[in-house]
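Topology and contacts: notes
Below, each chain spelled out in residue letters.
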Amino acid sequence: MIDAAALLEGAVLLSLTLLCLSFILTVIRVVRGPTLPDRILALDMLVATAIGFIAVIGIKTGYTLYVDIAIALGLVGFLATVAFARFILARGNVRDDDFDTAETSNAEKTDG
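Calculation rules
Residues numbered from 1 in each chain as written. Predicted model: local features only at pLDDT ≥ 70, side-chain atom pairs only at ≥ 80, totals over all residues. Heavy atoms only, no water. Helix = DSSP H or I, 4+ residues; strand = E, 2+ residues; numbered from the N terminus. Buried < 20%, exposed > 50% of the residue type's maximum accessible area, 1.4 Å probe, protein only. Areas by Shrake-Rupley, 256 points an atom, 1.4 Å probe, with all protein chains shown as cover. pLDDT = per-residue confidence, 0-100. Salt bridge = Lys/Arg side-chain N within 4 Å of Asp/Glu carboxyl O. Expected span 1.5 Å × (residues − 1). Contact = heavy atoms within 4.5 Å.

1. A short note on the overall build of the protein chain
Each helix and strand counted, the protein chain has four helices and zero strands in total. Counting from the amino terminus, the protein chain carries its helices and strands in the arrangement α-α-α-α. A total of 112 residues make up the protein chain; the buried ones form 17% of that total. On the protein chain, roughly 8200 Å² of surface is accessible, and the fraction owed to carbon and sulfur atoms is 72%.

See the structure below:
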């Protein structure tokens, strides 16, 4: 029969493994894009993954201080997402390649 400590240790190990996989896949989405909103959504997902890491570490160690840290990180992540959303609203939904092309054509117009 499995005791409670072994079950908790297995659950912590499984959750940390899944969080690491989620972190890696999210970093790939941040790097690949293709649009700025995709990258911002991936950064928001990184904050959620970090909150998950903090929660699992808090459960493993038994310190309740980690809950406060996770709540603070959640608030900061929410404010960052709102700020990025306002930035996108002001800029418009433009693909990064289109934005680079527009900058190049604008530079050619001013040079020529």
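So, next bit.
2. With respect to unusual backbone geometry
The omega angle of the peptide bond from G33 to P34 is 5°, so this bond is cis rather than trans. Secondary-structure assignment places P34 in the loop between helix 1 (4–32) and helix 2 (36–61).

3. Concerning the confidence of the model for the protein chain
When the pLDDT values of the protein chain are averaged, the result is 87; 82% of them are 70 or greater. Mean pLDDT across the secondary structure elements of the protein chain bottoms out at helix 4 (residues 96–111), with 61, and peaks at helix 1, with 95.

4. Describing the pattern of salt bridges
Considering all chains together, one arrives at one salt bridge under this definition. E9 is paired through a salt bridge with K60; the nearest N and O atoms lie 3.3 Å apart. Taken together, the residues span a long stretch of sequence, with E9 in helix 1 and K60 in helix 2 at a distance of 51 residues. With relative accessibility at 42%, the residue E9 sits in the partly exposed group. Assessed through its relative accessible area of 45%, K60 is described here as partly exposed.

5. Looking at helix 1
Counted at 1.5 Å a residue, the expected span for helix 1 with its 29 residues is 42 Å, and the 42 Å between its end C-alpha atoms agrees. Considered for burial, the residues of helix 1 that qualify are V12, L19, S22 and T26. Tucked inside the fold, the buried residues of helix 1 contact helix 2. Note on helix 1: the residue one or two positions beyond its end, G33, has a positive phi of about 80°.

6. Thoughts on helix 3 (residues 65–91)
The first and last C-alpha atoms of helix 3 sit 39 Å apart over 27 residues, in line with the 39 Å expected at 1.5 Å per residue. Among the residues of helix 3, A70, G77 and I88 are the ones counted as buried. Against the buried residues of helix 3 lie helix 2. In the segment just after helix 3, G92 is the residue with positive phi, at about 100°.

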